Amino acid sequence: MFILKYIIRNLFRHKLRSVLTVVGVAVAVLAFGLLRTLVGLWYAGAEHASDTRLVTRNAISLVFPLPFSYLDRIRGVPGVSSVSYGNWFGGVYIEEKNFFANYAVEPRTYLALYPEFVLPEKEKNDFILDRKGCIVGERLAKTYGWKVGDLITLKGTIFPGNWEFVVRGIYHGAEKATEERLMLFHWSYLNESVRQSSPRRADQVGFFMIGVKRPELAPEVSLAVDSMFKNSLAETLTETEKAFHMGFIAMTEAIMVAIQIVSYMVIAIIMVVAANTMAMTARERIGEYATLKTLGFKAGHLAGLIFGESVAISLLGGLLGVAATFPAAHWIEVELAQYFPFFSVSMQTLLYEMLAALSVGVVSGIFPTWRGATIRIAQGLKRIG
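Just so we're clear, the structure is a prediction, and the values are computed from it rather than from any experiment.

Chemist: Would you take a moment to explain the pattern of salt bridges for this structure?
Modeler: Where side chains of opposite charge bring their charged atoms close, a pairing between them can arise. One pass over the structure, following the stated rule, counts 12 salt bridges. The shortest N-O distance in the salt bridge between Asp72 and Arg75 comes to 3.3 Å. With Asp72 and Arg75 both in helix α4 (residues 70-75) and three residues apart, the pair spans about one turn of that helix. Close ionic contact of Arg168 with Asp130 constitutes a salt bridge, the shortest N to O distance being 2.7 Å.

Chemist: Any chance you could explain the nonpolar core here in plain terms?
Modeler: A general trend in soluble globular proteins is that nonpolar side chains are found buried together. Among the nonpolar cores identified, the biggest contains 42 residues, and Trp146, Phe165, Met183, Phe185, Phe208, Ile210 and Val221 are the most heavily contacted of them. The leading source of residues in this core is helix α8 (residues 187-197), at four residues. Apart from residues lying up to four places away in sequence, Met183 is in contact with Phe100, Ala101, Asn102, Tyr103, Cys134, Ile135, Val136, Leu140, Ile152, Leu154 and Phe165. Counting 17 residues, the second-largest nonpolar core is a separate cluster that includes Val55, Leu119, Ile135 and Phe244.

Chemist: Sorry, what's going on with the packing of aromatic side chains here?
Modeler: Each aromatic ring pair is described using two quantities: the centre-to-centre distance and the angle formed by the ring planes. Tallied over the full model, the rule gives 23 aromatic pairs. Taking 3.8 Å as the distance between ring centres and 15° as the angle between the ring planes, the aromatic pair formed by Tyr70 and Phe229 counts as stacked. Separated by 159 residues along the polypeptide, Tyr70 in helix α4 and Phe229 in the loop between α9 (218-228) and β13 (236-240) bring together distant segments of the chain. Looking at Tyr70, the relative accessible area reads 7%, which means it is buried. Classification of Phe229 as buried rests on a relative accessible area of 1%. Relative to Phe99, the ring of Trp88 has its centre 6.0 Å away and its plane inclined at 55°; by these criteria the two rings are tilted. Of this pair, Trp88 sits in strand β3 (residues 80-88) while Phe99 sits in the loop between β4 (92-93) and β5 (101-105), placing them 11 residues apart in sequence. Its relative accessible area of 33% is what places Trp88 among the partly exposed residues. Taking relative accessible area as the criterion, Phe99 reaches 38% and is therefore assigned partly exposed.

Chemist: So what exactly am I meant to see when it comes to a nonpolar patch on the surface here?
Modeler: A cluster of nonpolar residues, Val19, Val23, Val27 and Leu320, forms a patch on the protein surface that exposes about 320 Å² of accessible area. At three residues, helix α2 (residues 15-42) tops the list of elements feeding residues into the nonpolar patch. One can find Leu320 in helix α13 (residues 299-335). Using a relative accessible area of 41% as the deciding quantity, one classes Leu320 as partly exposed.

Chemist: Would you mind going over the UniProt feature "transmembrane region" (unreviewed entry) in the chain with me for this structure?
Modeler: Feature annotation in UniProt assigns "transmembrane region" (unreviewed entry) to the following positions: residues 20-44, 261-281, 302-329 and 349-370. Here residues 261-281 runs as 100% helix and 0% strand, with 30 Å between its end C-alpha atoms. From the first C-alpha to the last, residues 302-329 spans 40 Å; its make-up is 100% helix and 0% strand.

Chemist: Help me out: how do you make sense of the side chain of Glu353 in this one?
Modeler: Within the fold, Glu353 resides in helix α14 (residues 347-373). Here Glu353 is buried and forms no salt bridge, its nearest opposite-charge partner Arg36 lying at an N-O distance of 8.5 Å.

What counts, and at which threshold
- Residues numbered from 1 in each chain as written.
- Predicted model: local features only at pLDDT ≥ 70, side-chain atom pairs only at ≥ 80, totals over all residues.
- Heavy atoms only, no water.
- Salt bridge = Lys/Arg side-chain N within 4 Å of Asp/Glu carboxyl O.
- Helix = DSSP H or I, 4+ residues; strand = E, 2+ residues; numbered from the N terminus.
- Core = buried A, V, L, I, M, F, W, Y, C linked by side-chain atoms within 4.5 Å.
- Buried < 20%, exposed > 50% of the residue type's maximum accessible area, 1.4 Å probe, protein only.
- Contact = heavy atoms within 4.5 Å.
- Phe/Tyr/Trp six-rings, centres within 6.5 Å; stacked < 30°, edge-to-face > 60°.
- Patch = residues over 30% accessible without salt bridge, like charges linked within 9 Å, V, L, I, M, F, W, Y side chains within 5 Å.
- Areas by Shrake-Rupley, 256 points an atom, 1.4 Å probe, with all protein chains shown as cover.
- UniProt positions renumbered as here; feature names shortened; annotations may be inferred.
- Lys, Arg positive; Asp, Glu negative; His and termini not counted.

As structure tokens, this is what we get:
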């Protein structure tokens, strides 16, 4: 109890130094937590992918289309429960910076495959019946102030021209991780327009979405589909939805690794700063430590005082950093919603933040503790300052 009181008093002997160290640890912990959350969100799409959905695309690249005629043959594969199809549209709203994901799909089968897109029944029916209709996610609608019934125009990039759509529904995600910044419209509307302007590009799709009856049938169905179109003019590559997402993630894996390295470097830097602070503190108190030894305090007592102070400062900074994580994450989720569908900090990340803070305290306290605990009484008493 005496050592604990002594540690608490020592924390406030140099208020400015202690406050700056605590704030420094808090900022480092906060940065560490936010960077780890960002990396986790990058993989969120793959982690929440369905086990019963497969994606079939051109074996060469997603850029190359597949014939629409493949649809009926895929439907006949044993184990397939439903098939949908679509194209990446790549349109922009008003100007280039207003970019969001937009797909031309077959509405009935696509919505059946994605029950996580929750839509009122009336709005769903209105969307299905209106060839120029579209549905948008709740976050996307809030960003641009869209309401049901609004007429919106997208500028085509892959398919040039101005394309008009009527908002027939606004869906919300069944889970927080569900993407709510999508726009879906009729593939038939796109195909009919392309047939008039570029007949050679008509009756082609960018991908087929396949629903399988049971997750364990996914490998068998994938192999059957790809074998069916082997040696054709447009061979296919069929993979699980998770593998499909991981393919995109792999393209930016180097960036994710760099972000992870930066998160650890932040902690390493604050370790050096905290170690320097504790070394300075221990050097200033060498005379006190020698005096305590003359009063009967053992090396273990002194080690507890010094090490405890280092850990206490770091844990205070860690708690402050954890507390600051929630408003920081909320601000990112609100202000940067265009880039982050959600920015939720997990309990695991909070735990890692506290472990990082504890690591800072332990590492930064090792040398000062060893120096203070092993100081000789005569050497310490003759030291001034």
